Amino acid sequence: MVRNLLIAAAGVLLATLFSWVPGLHVYSVAGLVILVTAAPGNPLPPDRLATFFLGLVTAYATLNTVPSIFFSAPDDSTVFVVRPGQKYLLQSRGYEAALLSGIGSLGGVAVLVLLTPVAPALCSTLRSLLQSHLHWVLWAVIAYLLLSEWPKGSHRAPAGWRRWWDGWRSLTAGLVTFFLSGLLGLILFYRSLVPVDVAYQALFPAFLGLFAVPSILQALISQVTIPRQHVARTLDVTPGLIARGTLAGALGGLFAAFFPVVTGGIGALLAGHATAQQDDRTFLISQGASKLIYYSGAFLLFFVPRLHLTRGGMASMLSGYWSAHTPRAYLLAVTAVLFSGLLSFFSLLLMARAAIRLLSVVSYRWINLGTLIVLLTVLMTTMGWGGLLICLVATGIGLIPLFWGSRRVNGMGVLLLPLALNMVGWGGAIARWLGLLR
């Protein structure tokens, strides 16, 4: 047990280090770890590697809030945190935003621990009930994402087609973003430009361009001045708000963890609408809970006895090396998540304070510029020119919501649309019609 906790702590330490690199996804790091540990004479057995990954993914789900709030560099799961996070940051309350998200992460850990006794039976029942319905559920999620966006017009345009366009401008931008990103996803699924040895990271440059790079460019162009940040000793949040935010995040995270393709951010958005969230505090808490349950909960499904369910990139990568579905392995995995979640929360407090210190010493503009350089350097190092080209195309698509005021989550069409088409058997036919298959 002690050895397992130490290995999980090593995963938390690695996540703490690479979380300072905005846009660097945990699955990319895990892939590199597998390449290193798969070498001859590997000192880390597969079961220890699994424990290391539990610490890694749990810490990442907690700590990736920091670059999203302080450096405007989100990934697919933290894109919803940027707007309320920036609002708090401009009010000198960035530390509070990070802390609220961290409280949500602790709530997510608590939910996973409480569900441990019933998880095997519950997951098996849900799987048998929903296995044949996943395709239309995914299409229903897509329909809701597109139909639930509200017009953002000024209501001041002259009557007639100009007022119609004033209301439909942002809606049209959202539809265009979704279908263009979906087309990009189809191309990457059938004609990827990245080298074969990093094919498992084929979507990394697309997510970078759709979410991280546009936010950084927006911060550079707008020349925002960040006020001096206040490190709060107390939070203006009640236990009721924490419980409500955690519940909403748990609903979204569990939905995203169980259903393929749906990310934690999308799950939290759906749950937030279902529970009528209108408070930034509960929203940030729900996002923290949803992210953690999405990443760690999906990985824990790999350990549930008799379930044999692989969800998420971490479980997919590990399944080729090791599998264990015993009650003991499951309990050890839950213990590793609990320990890593607690350790990651305190790491979050230190990271947020360090980020505030960095903002007080270095100009926000230079931080954004340095972040952009780091991201492109990592991309070129791992993906080459093909990855850079994908990132540039994705950036053009990702800028549409920023210029036209639509939801940035529409960029998730890069993943949702290709897999939804493949689930109903249309992906290959459309790819042939587009000339992607011969």
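Note that this is a predicted model, so its numbers are computed, not measured.

> Could you clarify how one ought to interpret the side chain of Ser344 in this entry?
Assignment of secondary structure puts Ser344 in helix α15 (residues 327-361). Residue contacts for Ser344: discarding those within four places in its chain leaves Val12, Thr58, Ala59, Thr62 and Leu63.

> Got a minute to help me understand unusual backbone geometry in this structure?
As a rule of thumb, non-glycine residues mostly have phi less than zero, and peptide bonds are mostly trans rather than cis. The backbone phi angle of Ser92 is positive, close to 65°, even though this residue is not glycine. Positionally, Ser92 belongs in the loop between α5 (82-90) and α6 (94-114).

> What should I look at first to understand the confidence of the model for the protein in this one?
Should the pLDDT be low somewhere, the predicted coordinates at that spot are not to be read in detail. Predicted confidence across the protein gives a mean pLDDT of 83, with 91% of residues reaching 70 or more. Averaged over each element, pLDDT in the protein is lowest for helix α12 (residues 264-274) (72) and highest for α6 (92).

> Any chance you could explain the pattern of salt bridges here in plain terms?
Any two side chains of opposite charge can pair, on the condition that their charged atoms come close. For the coordinates displayed, the defined rule picks out three salt bridges. Here Lys87 and Asp280 are joined by a salt bridge, their closest N and O atoms 2.9 Å apart. You can see Lys87 sitting in helix α5 and its partner Asp280 sitting in helix α13 (residues 280-300), a full 193 residues away along the chain. Exposure remark for Asp280: the relative accessible area of 25% places this residue in the partly exposed category. Asp236 is the salt-bridge partner of Arg281, the closest N and O atoms lying 3.5 Å from each other. Note that Arg281 is positioned in helix α13 and Asp236 in the loop between α10 (204-222) and α11 (239-258), a separation of 45 residues in sequence.

> Help me understand helix α14 (residues 312-319), please; the structure alone is not making it clear to me.
Residues lying three or four places apart along an α-helix face the same way, a consequence of the helix completing one turn every 3.6 residues. Those residues of α14 lying buried are Met314, Ala315, Met317 and Leu318. The buried side chains of α14 occupy one side of the element, clustering within an arc of 165° when seen end-on. Among the structural elements, α2 (26-37), α3 (46-63) and α13 are those in contact with the buried residues of α14.

> Sorry if this is basic, but what is going on with the packing of helix α1 (residues 2-18) against α15 here?
For the pair α1 and α15, interaxial distance at closest approach is 9 Å and the crossing angle is 35°. Taken as a pair, α1 and α15 cross one another with a handedness that is right-handed. Between α1 and α15, the contacting residues are Asn4, Leu5, Ala8, Ala9, Val12 and Thr16 on the first element and Leu332, Thr335, Ala336, Phe339, Ser340, Leu343, Ser344, Ser347 and Met351 on the second. Its residues assigned to classes, the contact of α1 with α15 shows nine nonpolar, six polar and no charged.

> Hey, could you run me through the packing of aromatic side chains in this one?
What the rule picks out here adds up to 10 aromatic pairs. When the centroid spacing of 5.3 Å and the interplanar angle of 90° are considered together, the rings of Phe178 and Phe179 count as edge-to-face. Judged by its relative accessible area of 2%, Phe178 is buried. Each residue in the set Phe18, Tyr60, Tyr294 and Tyr295 is aromatic and connected to the rest through ring pairs, giving one cluster.

> It is not clear to me how the packing of helix α9 (residues 161-190) against helix α16 (residues 364-404) should be interpreted in this structure. Could you clarify?
Describing two packed helices takes the angle between their axes plus the distance from one axis to the other. As a packed pair, α9 and α16 sit with axes 9 Å apart at the nearest point and diverge in direction by 165°. Comparing the axis directions of α9 and α16 gives the class roughly antiparallel. For the crossing formed where α9 meets α16, the hand is left-handed. Between α9 and α16, the contacting residues are Trp165, Arg169, Ser170, Ala173, Val176, Thr177, Leu180, Ser181, Leu184 and Leu188 on the first element and Ile390, Val393, Ala394, Ile397, Ile400, Pro401 and Trp404 on the second. Residues that form the contact of α9 with α16 fall into these classes: 13 nonpolar, three polar and one charged.

Cut-off values and rules
Residues numbered from 1 in each chain as written. Predicted model: local features only at pLDDT ≥ 70, side-chain atom pairs only at ≥ 80, totals over all residues. Heavy atoms only, no water. Helix = DSSP H or I, 4+ residues; strand = E, 2+ residues; numbered from the N terminus. Contact = heavy atoms within 4.5 Å. pLDDT = per-residue confidence, 0-100. Salt bridge = Lys/Arg side-chain N within 4 Å of Asp/Glu carboxyl O. Buried < 20%, exposed > 50% of the residue type's maximum accessible area, 1.4 Å probe, protein only. Arc of directions from axis to C-beta. Axes fitted to C-alpha atoms, helices over the stretch in contact; angles between N-to-C directions. Left-handed = near helix turned anticlockwise from the far one by under 90°. Nonpolar A, V, L, I, M, F, W, Y, C, P; charged D, E, K, R; others polar. Phe/Tyr/Trp six-rings, centres within 6.5 Å; stacked < 30°, edge-to-face > 60°. Parallel < 35°, antiparallel > 145°, perpendicular 65-115°, else oblique.

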